[in-house]
Amino acid sequence: MSSYVGVLVSDPWLQSQFTQVELRTLKSKFYSTKTRYGRVTVKHLPPVLAKLKDFNGKFDENEIKTILDESYPNRAKEVEFETFLRAFLSVQSRGSKGTSSFLKTSTTTFHHAINESEKASYVSHINSYLKEEPILKSYLPINPTTNALFDLVKDGVLLCKLINIAVPGTIDERAINTKKELNPWERTENLSLCLNSAKAIGCTVVNIGTQDIAEGTPHLVLGLIFQIIKIQLLADLNLKKTPQLVELVEENQDVEELMGLAPEKLLLKWMNFHLKKAGYEKQVTNFSSDVKDGEAYAYLLNALAPEHSTHVTLEIKDPSERAMKVLEQAEKLDCKRFLSPKDIVEGSANLNLAFVAQLFHHRNGLSDESSKVPVSVTEMVTEDEETSREERCFRHWMNSLGAVTYVDNVFEDVRNGWVLLDVLDKVSPGSVNWKHANKPPIKMPFKKVENCNQVIKIGKELHFSLVNVAGHDIVQGNKKLLLAFLWQLMRYTMLQILNNLRSRWQGRDITEADILNWANRKVKKTGRASQAVSFKDKSLSNGIFFLELLSAVEPRVVNWSLVSKGETEEQKNLNATYIISVARKLGCSIFLLPEDILEVNQKMMLILAASIMNWSLQQQSDTESTVSDDTDVSSVTEEISNLSTDDGSSDV
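Thresholds applied
- In every chain, residue numbers begin from 1 and rise along the written sequence.
- Since the coordinates come from a predicted model, pLDDT governs what is reported: local features require at least 70, and pairs of side-chain atoms require 80 or more to be given and counted, while whole-chain, interface and lining totals use all residues.
- Heavy atoms throughout the structure, all of them, feed into the side-chain values; hydrogens and water do not.
- Counting from the N terminus, the helices are DSSP H or I runs at least four residues long and the strands are E runs at least two residues long.
- Burial classes follow relative accessibility: with a 1.4 Å probe on protein chains only, a residue under 20% of its type's maximum area counts as buried, one over 50% as exposed, and anything between as partly exposed.
- Whether two residues touch is decided by their heavy atoms; if any such pair falls within 4.5 Å, the residues are in contact.
- The set of buried Ala, Val, Leu, Ile, Met, Phe, Trp, Tyr and Cys residues whose side-chain atoms join them within 4.5 Å is what this entry labels a nonpolar core.
- Each C-beta atom gives one direction from the helix axis, and the arc is the one those directions make.
- Whenever two N or O atoms come within 3.5 Å, that pair is a polar contact, provided that in protein one can donate a hydrogen and the other can accept it, and provided that, for residues adjacent in sequence, both atoms are side-chain atoms.
- Axis definition: a line fitted to C-alpha atoms, over the contacting stretch in the case of helices. Angles run 0 to 180 degrees between N-to-C directions.
- When the near helix sits turned anticlockwise from the far one by under a right angle, the crossing is termed left-handed; a clockwise turn instead gives a right-handed crossing.
- Under the grouping applied here, Gly and all other residues not named as nonpolar or charged are polar, the nonpolar ones being Ala, Val, Leu, Ile, Met, Phe, Trp, Tyr, Cys and Pro and the charged ones Asp, Glu, Lys and Arg.
- Stacked, tilted and edge-to-face pairs are distinguished by plane angle, under 30 degrees for stacked and over 60 for edge-to-face with tilted covering the rest, among Phe, Tyr and Trp rings (Trp via its six-membered ring) whose centres lie within 6.5 Å.
- Think of it as a cone above the ring: NZ of Lys or CZ of Arg counts as a charge over the ring if it is within 6 Å of the ring centre and within 35 degrees of the ring normal.
- Every angle not falling under 35 degrees, over 145, or within 65 to 115 is termed oblique; those three ranges are roughly parallel, roughly antiparallel and roughly perpendicular.
- In what follows, salt bridge is the name for a side-chain nitrogen of Lys or Arg lying within 4 Å of a carboxyl oxygen of Asp or Glu.
- The predictor attaches a confidence to each residue, called pLDDT, with possible values from 0 through 100.

Caption draft 1: Spatial organisation of the overall build of the protein. In terms of helices and strands, the protein carries 32 helices and 0 strands. Relative to its full complement of 652 residues, the protein shows a buried share of 54%. A fraction of 63% describes how many contacts in the protein between residues 6 or more apart in sequence connect residues 24 or more apart.

Listed below in structure tokens is the structure:
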């Protein structure tokens, strides 16, 4: 289940400079700006900061611009949330301490402590899983005692390969630029592909930009790598992949409750299940302090591998010696890679989680007899495939917004209304009345209904179709209703981004029909014949139209020698996987799967086209902002000003 953790920042020092109230306020301002423009750049900061009450009356936009120009001279550079916080501190320091060079340095330069044990473990994992990759063979194995890892990730190739190890098939490797010498454009393409694909598998990359990876920023690189490895290690921690986990259901529980657990919680439940059978009387609630003495590991290994069991480990009093003995036992199961005795004693949460996940993979100790898994459970986990895909899409999209609460299961985690209020506040800043919101943990059911009633109220204000829908429907976890609500929310967000880009030319609101017509005109202008009648046009299944659209907005992004005619199912699938990777490579943040294109999922087709349109208009907007006053900008805004529904309408 989800849990409230507050606004977290990767740099502890930076976190300590703000209260949670301040962080929440600044995060809301940052994401409202991102929602409005599609991304936040240095040029957006002065007007945003000038409106904050901290600086109101102290600095005007020009003064803030002058201050920021010293540390952030490239006004077109994309800004992530942590950079936004640092920019805030840079301006704040001028208001209270003058302009000393010491202060300027102290507020813009930070030291991030790197956990060498974690780095060594991640390097070991990479060396093990990518050692057969032809393009990386000359660089592997990586020496964990050096900074070679941070240099090797700069072109994005290693991270793309690692993502495909974690979730096979996420990236079409034909889309990766792999030649030995990459130009800046090709390198940025790889990094965009990497980060957008990481978001699509569930990584939180709110504070990481392509420039951070290109510069090999150690703490951000390690944070991203751990998330990717974690997703790989926890991939089987669900009833669909491992139905034998049904053994963990207790007498007073039902299977749905087990299905709603986050993978980490399910891993802890699995661990406690075996510890209880082995006679261990304590409850392990975390992967840090509860395992520091090594005692729980000793019991767990004795239960999982009785052929290697020994009571000598439990008789050892010194924690370090016991930890060493535990790892000697684990090594017999080939499970030592992530951990050293020091990591156990010091309670390294990341490495201990990885270690336990590895134990689960190698020896889960559950029944191998499929006949013991009830038919009702099998039917429950084999739910409607389209429903499962949509849940996955909306879950990763919600997490990509930088919400305070990480969502592991949409159908369970949104039922208290808090997560939905948080997401609504991101996409429609100011819409939520937080004074009337109930913060988790929420034990009283009527408090959950209050939250969900406010969710429905805001949805109606945003003109969502919510006839005969009330808050208790969300609390009860009505899947059909939840998916319909989230679809409208996702659609609203994309249309708002497009409208904000277009509002600079004072045009009317963009509609779905406008997106379809824009796409058709773009393709037609290149001299190609493909046209889409609607977003449920079955001809879209061969992928040609979207590849031609991608090529129309950026000619060099599609390698046509890799494109098939899409006549067979295999060819269509190849085109579909290539489309998704090319769009992400271009810079589109999308969460659909190849199956959505093959089946022409109407909703996902709209979002794909809208994402490409957003990227295209954003490039035109950036171009427009750099042209001189005596330059005719009509060519830049032509596609925007000509939007019309005259030549068609959307069936969505």
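Caption draft 2: How the structure looks around helix α9 (residues 157-166). For α9, the buried fraction is high: 9 of the 10 residues fall into the buried class. Buried within α9 we find Val-157, Leu-158, Leu-159, Cys-160, Lys-161, Leu-162, Ile-163, Asn-164 and Ala-166. Looking at the buried side of α9, the elements it contacts are α7 (116-129), α8 (148-152), α10 (184-200), α11 (210-214) and α12 (218-233).

Caption draft 3: Quick peek at the nonpolar core. In terms of nonpolar packing, the biggest core is built from 170 residues, with Leu-224, Trp-270, Met-271, Met-398, Ile-515 and Phe-546 touching the most fellow members. In terms of residue count, helix α26 (residues 479-502) provides more of this core than any other element does, 13 residues in total. Look past the residues within four positions of Phe-546 in its chain and what remains in contact with it is Leu-540, Ile-579, Met-605, Leu-608, Ala-609 and Ile-612. Phe-18, Val-40, Tyr-72 and Leu-89 belong to the second-largest nonpolar core, a separate cluster that totals 28 residues.

Caption draft 4: Representation of helix α4 (residues 61-71) within the structure. All of the buried residues in α4 are Ile-64, Ile-67 and Leu-68. Buried residues of α4 fall within an arc of 95 degrees about the axis and therefore sit on the same side. Residue Asp-60 occupies the N-cap position of α4, its side-chain oxygen lying 3.1 Å from the main-chain nitrogen of Asn-62.

Caption draft 5: Molecular detail of the packing of helix α23 (residues 418-427) against helix α24 (residues 445-461). The interhelical angle for the contact between α23 and α24, taken along N-to-C directions, is 35 degrees, at an axis separation of 8 Å. Crossing hand, α23 versus α24: left-handed. Contacts from Trp-418, Leu-420, Leu-421 and Leu-424 of α23 reach α24 at Asn-451, Gln-454, Val-455 and Ile-458. Partitioning the contact of α23 with α24 into residue classes produces 6 nonpolar, 2 polar and no charged.

Caption draft 6: A look at unusual backbone geometry. Cis geometry is adopted by the peptide bond preceding Pro-141, which originates at Leu-140 and carries an omega value of 0 degrees. Between Pro-440 and the following residue, Pro-441, the backbone shows a cis peptide bond with an omega angle of 0 degrees. One can find Pro-441 in the loop between α23 and α24. Phi angles above zero are rare outside glycine, and Asp-334 is one such case at about 60 degrees. The residue Asp-334 is located in the loop between α17 (319-331) and α18 (341-346) in this model. Within the chain, His-463 stands out as a residue other than glycine whose phi angle is a positive 70 degrees. As for its placement among the helices and strands, His-463 is situated in the loop between α24 and α25 (471-475).

Caption draft 7: View of the packing of aromatic side chains. For the structure shown, the criterion picks out 11 aromatic pairs. Aromatic pair Phe-545 and Phe-546: ring centres 5.7 Å apart, planes at 75 degrees, arrangement edge-to-face. One aromatic cluster is present, formed by Phe-30, Tyr-31, Phe-81 and Phe-84 through successive ring pairs. Directly above the aromatic system of Phe-81 lies the positively charged group of Lys-27, at a separation of 5.8 Å from the ring centroid.

Caption draft 8: Summary view of the packing of helix α15 (residues 295-304) against helix α19 (residues 349-362). Where α15 meets α19, the axes come as close as 12 Å, and the angle between the chain directions of the two elements is 15 degrees. Overall, the two elements α15 and α19 adopt an arrangement that is roughly parallel. Crossing of α15 against α19: the hand is left-handed. Where α15 approaches α19, its residues Tyr-297, Leu-300, Leu-301 and Leu-304 are matched on the opposing element by Asn-352, Phe-355, Val-356 and Leu-359.

Caption draft 9: Spotlight on the environment of Asn-177. With respect to the helices and strands, the residue Asn-177 is situated in the loop between α9 and α10. Here Asn-177 falls in the buried class, since its relative accessible area comes to 14%. Taking C-alpha positions, Asn-177 is 9.8 Å from Lys-585, a pair spaced 408 residues apart along the chain. Excluding its chain neighbours within four sequence positions, the residues that come into contact with Asn-177 are Val-157, Leu-182, Glu-186, Glu-189, Asn-190 and Lys-585. Among the polar contacts made by the side chain of Asn-177, one reaches the side chain of Glu-189 at a distance of 2.9 Å.

Caption draft 10: Inspection of the pattern of salt bridges at higher detail. Counted under the stated rule, the structure contains 26 salt bridges. A salt bridge links Lys-154 to Asp-151, with the nearest nitrogen and oxygen atoms 3.2 Å apart. Where Lys-585 meets Glu-189, a salt bridge forms, and the shortest distance between an N and an O atom there is 3.9 Å. Remark: Glu-189 occurs in helix α10 and Lys-585 occurs in helix α29 (residues 569-586); sequence separation between them is 396 residues.

Caption draft 11: Just the environment of Leu-333, in detail. If you trace the backbone, Leu-333 turns up in the loop between α17 and α18. Sequence separation between Leu-333 and His-308 is 25 residues, and the spatial gap between their C-alpha atoms is 9.3 Å.

Caption draft 12: Representation of the environment of Val-432. Among the secondary structure elements, Val-432 is positioned in the loop between α23 and α24. For Val-432, a relative accessible area of 8% gives the class buried. A C-alpha to C-alpha distance of 9.8 Å links Val-432 and Lys-457, two positions 25 residues apart in sequence. In contact with Val-432, not counting residues within four places along its chain, are Leu-421, Leu-424, Asp-425, Gln-454 and Ile-458.

Caption draft 13: Representation of the confidence of the model for the protein in the model. Across the protein, pLDDT averages 85, with 86% of residues at or above 70. Here helix α6 (residues 101-108) stands out as the least confident element of the protein, with mean pLDDT 30; α9 is the most confident, with 98. Predicted confidence is poor over residues 96-111, with pLDDT under 50, and the contacts of this stretch with residues over four places away or in other chains come to 17 contacts. Every residue in residues 643-652 is under pLDDT 50, and counting partners more than four places away or in other chains gives 34 contacts.

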